[in-house]
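Structural features, examined
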Amino acid sequence: LNTRTHSLGIPPPSEKDWAKEDEEDFFLLDPDRKRDVLPQPFRMINKLVMQVFDSAMETIERREMLREAQKLKVQPKKCFPTAEFQVTERANCLAVSGKYIFVGLSVGLAAFKTCDFKDVCAWDAANTEICAIHASDLGNKCHALLAVDEMGLARLFCFYKESFLLIKILNEVKDISQQSACVEVVLSRGGDYAGILLQGNTKAWLEIYQLPKDSWLTEMEKNEGAAEELACSEKSNNSSEVSTFLFQERSVSAIQADVKLDPPVLLLTVRPPKPITGTSFKGPLDALKEVDDGSMLGLGYNHLIKDSQWELQEAIFRSTYQEYLEAEGVIEEEIPRYAIFHFLLPSQILEGPEMKVQPDIPVGIGVHWDGNHNFCLYLLNPSPQEKADSDLKPDVVWPCAAPIACSAVSSCSRYLALAGEDGTITIWDKHLGYPLSVTAILEERFIRSIHFL
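Cut-off values and rules
- Residues numbered from 1 in each chain as written.
- Predicted model: local features only at pLDDT ≥ 70, side-chain atom pairs only at ≥ 80, totals over all residues.
- Heavy atoms only, no water.
- Helix = DSSP H or I, 4+ residues; strand = E, 2+ residues; numbered from the N terminus.
- Buried < 20%, exposed > 50% of the residue type's maximum accessible area, 1.4 Å probe, protein only.
- Contact = heavy atoms within 4.5 Å.
- Pairing = 2+ DSSP bridges.
- Axes fitted to C-alpha atoms, helices over the stretch in contact; angles between N-to-C directions.
- Core = buried A, V, L, I, M, F, W, Y, C linked by side-chain atoms within 4.5 Å.
- Polar contact = N/O pair within 3.5 Å; in protein donor to acceptor, adjacent residues only side chain to side chain.
- Salt bridge = Lys/Arg side-chain N within 4 Å of Asp/Glu carboxyl O.
- pLDDT = per-residue confidence, 0-100.

- Under the annotation held in an unreviewed UniProt entry, the chain carries the name WDR93 protein and is attributed to Zosterops hypoxanthus.

**Things to note about the overall build of the chain**
- The secondary structure content of the chain amounts to seven helices and 20 strands.
- When burial is assessed residue by residue, the chain has 33% of its 453 residues classed as buried.
- Here the analysis covers contacts within the chain between residues at least 6 apart in sequence; of these, 50% occur between residues at least 24 apart.

**Considerations on the sheet that holds strand S5 (residues 130–139)**
- The antiparallel open sheet is built from four strands, whose spatial order is S5-S6-S7-S8. Strands at the two margins of the open sheet, each flanked by one partner only, are S5 and strand S8 (164–169). Strand after strand, the sheet turns through a mean of 25° between neighbouring axes, direction not considered.

**Re the nonpolar core**
- By size, the foremost hydrophobic cluster in this structure holds 26 residues, and its most contacted members are Leu146, Cys158, Cys182, Ile196, Leu211, Trp216 and Leu261.
- Of all elements in the fold, only strand S6 (142–149), strand S7 (154–160), S8, strand S9 (181–187), strand S10 (193–199), strand S11 (204–210) and helix H2 (213–237) reach the threshold of two or more residues within this core.
- Aside from chain neighbours lying at most four places away, what touches Ile196 is Ala154, Leu170, Cys182, Glu184, Val185, Trp205, Leu206, Glu207, Tyr209 and Phe341.
- Formed by 20 residues, the second largest nonpolar core is a distinct cluster that contains Leu197, Ile365, Cys376 and Val397.

**Looking at the side chain of Thr128**
- Tracing the backbone through its elements, the reader meets Thr128 in the loop between strand S4 (119–123) and S5.
- Owing to a relative accessible area of 7%, Thr128 belongs among the buried residues under this scheme.
- Of note is the side chain of Thr128, whose polar atom sits 3.4 Å from the side chain of Asp149.
- Every residue in contact with Thr128, bar those within four places of it in the chain, is listed here: Ser106, Val107, Gly108, Asp149, Glu150 and Arg155.

**A look at the pattern of salt bridges**
- Tallied over the entire structure, the rule returns six salt bridges.
- With a shortest N-O distance of 3.1 Å, Asp429 and Arg414 are connected by a salt bridge. Here Arg414 lies in the loop between strand S17 (404–409) and strand S18 (415–420) and Asp429 lies in strand S19 (residues 424–429), a separation of 15 residues in the sequence.

**Quick look at the side chain of Thr426**
- For Thr426, the location among the structural elements is in strand S19.
- For Thr426, a relative accessible area of 14% puts it in the buried group.

**A few points about the confidence of the model for the chain**
- Predicted confidence across the chain gives a mean pLDDT of 79, with 73% of residues reaching 70 or more.
- The model gives residues 239–252 a pLDDT under 50, and that stretch makes seven contacts with residues more than four places away or in other chains.

**Things to note about the sheet that holds S4**
- Taken in spatial order, the four strands make up an open sheet running S1-S2-S3-S4, and their pairing is antiparallel. Whereas interior strands pair on both sides, the edge strands pair on one side only; in this sheet they are strand S1 (91–97) and S4. Strand-to-strand twist in this sheet, taken as the mean axis angle between neighbours without regard to direction, amounts to 20°.
- Strand direction decides the pairing type here: S1 and strand S2 (residues 100–105), joined by six bridges, are antiparallel. From the neighbouring strand, Cys93 faces S2, where its bridge partner is Gly104.

**Some details on the environment of Thr218**
- Tracing the chain through its elements places Thr218 in helix H2.
- For Thr218, a relative accessible area of 40% translates into the label partly exposed.
- Considered as a pair, Thr218 and Leu261 are 43 residues apart in the sequence and their alpha carbons are 9.7 Å apart.

Printed below as a string of structure tokens:
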């Protein structure tokens with residue numbers, strides 16, 4: 001039996017349990033800092049070893065990223081030509097229509113079949129170099145061709161029964177000093193309309209033609225029937241098959257040479273918009289009357305700003321930014337000399353109240369001139385008053401915030417893409433007339449071309 005003779009108490013601490021002055025806050029210290037207490041040269045060795053480990057990990061991560069990127073790459077499939085065909089001259093351009101390939105050569109035109117790539121016909125009557133060519137299938141083995149030569153002459157051909165028929169040189173004039181060069185040609189799908197952009201010494205304009213393809217096809221069918229009757233009559237009078245074949249070829253070529261086709265009809269002459277000048281209206285009532293008479297809004301012509309106000313505004317601008325104008329030089333406003341245009345199918349915006357339209361035949365064109373803010377739409381059946389007027393006004397104007405750099409129309413002709421010089425791309429729904437999306441490209445980027453896929 002153990003009995004306590006004194007009260008319980010806390011025993012005094014021993015000397016080994018006393019807290020040292022530098023270990024009072026040991027629980028707040030970073031455990032990784034224990035390496036710092038290592039003496040030299042162990043600290044240097046530890047630092048070098050850690051650097052080696054870090055660089056090794058960076059190399060491993062970099063190789064892993066390259067390996068993952070290599071897995072995402074796709075090896076392109078090599079495509080080899082399935083067939084080839086030889087041309088007698090240097091090939092400058094080509095166009096495909098139906099079962100034929102039309103090639104513009106350094107001297108004339110040539111046509112090849114897509115099935116066997118054999119030369120079926122050539123045209124070199126003018127002994128000129130063809131620089132651009134457009135083709136469209138008219139149906140019934142007939143094709144329309146627009147070819148531009150090195151002198152800027154636009155020739156309209158009809159290709160039928162493996163032979164070229166020259167219909168007309170669209171920009172030919174008697175006085176060669178008044179000759180205007182063709183810089184752009186467009187054929188509508190189906191060959192109903194053709195457009196050419198002409199440039200003179202100081203001006204440019206757009207001409208839209210209607211191609212009488214129905215009369216062409218009718219004339220070709222008559223010509224083919226007459227050729228067959230003549231060949232049959234000659235076959236009964238000739239017993240030799242060789243002589244019959246030669247005479248038949250001569251008769252067909254002779255009748256094709258004698259065939260007469262209707263020339264295209266000039267529908268529109270579109271000129272670039274004139275610069276905005278001072279008003280000619282005496283008051284607001286005159287401007288309202290002009291609008292009520294059907295003058296199109298959107299071009300900025302129907303305003304009440306006088307010439308004196310324009311001059312005052314220009315003087316204020318020049319005085320404010322004189323140092324910048326002197327450093328960069330004053331750029332005078334130039335008349336546009338280039339335009340991009342598209343043939344447009346029917347839509348709610350381009351259909352008139354009494355218009356009879358077909359869904360696959362264009363009813364209008366969309367045009368925008370170089371450096372201009374407006375995308376102008378013109379109907380292809382203007383009124384007689386507008387035909388006589390040399391300054392044709394657009395039926396619809398879509399103004400943009402920046403000058404239009406390029407444009408594109410979808411294959412269904414419903415969607416229109418406009419790319420501005422400020423790097424923005426706007427997709428319009430042409431049927432409804434409002435924008436679907438606006439996309440901004442990086443700054444200081446100029447969009448040169450745009451296409452629908």
